[in-house]
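Summary of the model geometry
Chain by chain, the residues:
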Amino acid sequence: MTDHTVLINQMLILVFFAELFSLLHIIAAISQTRKTRLTGNWMMLTGGLLLQLAVALCITGSPLDWEVALFGSLLVCLNALLNGRRSGNLHWQHHAVRAIIAVGLVAGFALL
């Protein structure tokens, strides 16, 4: 396989996982907004949409994709922590896994 093929395969894997991560958080934000009408869930929705934008920027070759992914991931992780704290049911392991996935995605955007 050529270097170009490897790069395209890496980008496709990154895009797949970034899409999955962002869509799951968009769905969670919409379902929570419909249930509780909390304004904080808009922050998670915005973070998920920013991750979608980062995917589009990655596909087009923009150098700003990792910065948009970083900001979107920060919004998602921060809102998830706030929701857990607000509900009184904070599971640190779950948030640690989410943060590790977010860091991995941002690193992937930065390295591609």
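The structure presented is a predicted model; accordingly, all values stated were derived computationally and were not measured.

What counts and how
- Residues numbered from 1 in each chain as written.
- Predicted model: local features only at pLDDT ≥ 70, side-chain atom pairs only at ≥ 80, totals over all residues.
- Heavy atoms only, no water.
- Helix = DSSP H or I, 4+ residues; strand = E, 2+ residues; numbered from the N terminus.
- Contact = heavy atoms within 4.5 Å.
- Axes fitted to C-alpha atoms, helices over the stretch in contact; angles between N-to-C directions.
- Parallel < 35°, antiparallel > 145°, perpendicular 65-115°, else oblique.
- Left-handed = near helix turned anticlockwise from the far one by under 90°.
- Nonpolar A, V, L, I, M, F, W, Y, C, P; charged D, E, K, R; others polar.
- Core = buried A, V, L, I, M, F, W, Y, C linked by side-chain atoms within 4.5 Å.
- Buried < 20%, exposed > 50% of the residue type's maximum accessible area, 1.4 Å probe, protein only.
- Expected span 1.5 Å × (residues − 1).
- Patch = residues over 30% accessible without salt bridge, like charges linked within 9 Å, V, L, I, M, F, W, Y side chains within 5 Å.
- Areas by Shrake-Rupley, 256 points an atom, 1.4 Å probe, with all protein chains shown as cover.
- Salt bridge = Lys/Arg side-chain N within 4 Å of Asp/Glu carboxyl O.

1. Focus: the environment of Gly 47
Following the sequence through the fold, Gly 47 ends up in helix α2 (residues 41–60). Spatially, the C-alpha atoms of Gly 47 and Val 15 are 16 Å apart, while their sequence positions differ by 32 residues. Contact partners of Gly 47, with chain neighbours within four places excluded, come to Gly 72, Leu 75 and Val 76.

2. What to know about the packing of helix α1 (residues 3–36) against helix α4 (residues 92–111)
If you want to describe how two helices pack, look at the angle between their axes and the distance between the axes. The interhelical angle for the contact between α1 and α4, taken along N-to-C directions, is 140 degrees, at an axis separation of 10 Å. The angle between the axes of α1 and α4 places the two elements in the oblique class. Relative to α4, the crossing made by α1 is left-handed. Residues Leu 14, Phe 17, Ala 18, Phe 21 and His 25 of α1 form the contact with α4, whose own contacting residues are Arg 98, Ile 101, Ala 102, Leu 105, Gly 108 and Phe 109. Residue classes in the contact of α1 with α4 are distributed as eight nonpolar, two polar and one charged.

3. Observations regarding the nonpolar core
The tendency in soluble globular proteins is for nonpolar side chains to be buried side by side. Phe 21, Ala 69 and Phe 109 are the most contacted members of the largest nonpolar core, which totals 24 residues. When contributions to this core are tallied by element, the ones reaching two or more residues are α1, α2, α3 (65–87) and α4. With eight residues, the top contributor of residues to this core is α2. Other than its neighbours up to four places away in sequence, Ala 69 contacts Leu 51, Ala 54, Val 106 and Phe 109.

4. Structural notes on the side chain of Asn 83
Its location among the elements puts Asn 83 in helix α3. With near-sequence residues (within four places) excluded, Asn 83 lies in contact with Asn 41 and Met 44.

5. Some words on α1
Residue pairs spaced three or four apart in an α-helix point in one direction, given the helix's 3.6 residues per turn. The end-to-end C-alpha distance of α1 is 49 Å, a good match for the 50 Å that 34 residues give at a rise of 1.5 Å each. All buried positions along α1 are accounted for by Leu 14, Val 15, Ala 18, Phe 21, Ser 22, His 25, Ile 26, Ala 29 and Thr 33.

6. Topic: a nonpolar patch on the surface
Together, Ile 13, Phe 16, Phe 17, Leu 20 and Leu 24 give the surface a local cluster of nonpolar side chains, amounting to about 510 Å² of exposed area. Relative to the assigned elements, Phe 17 resides in helix α1. Residue class for Phe 17 comes out partly exposed when judged on its relative accessible area of 45%.

7. Describing the packing of α3 against α4
Two elements in contact, α3 and α4, have axes separated by 8 Å at closest approach and are oriented at 175 degrees. For the element pair α3 / α4, the angle class is roughly antiparallel. The residues of α4 that touch α3, namely those facing Asp 65, Trp 66, Ala 69, Leu 70, Ser 73, Val 76, Cys 77, Ala 80 and Leu 81, are Trp 92, His 95, Arg 98, Ala 99, Ala 102, Val 106, Phe 109 and Ala 110. Each residue belonging to the contact of α3 with α4 can be placed in one class, and the counts come to 13 nonpolar, two polar and two charged.

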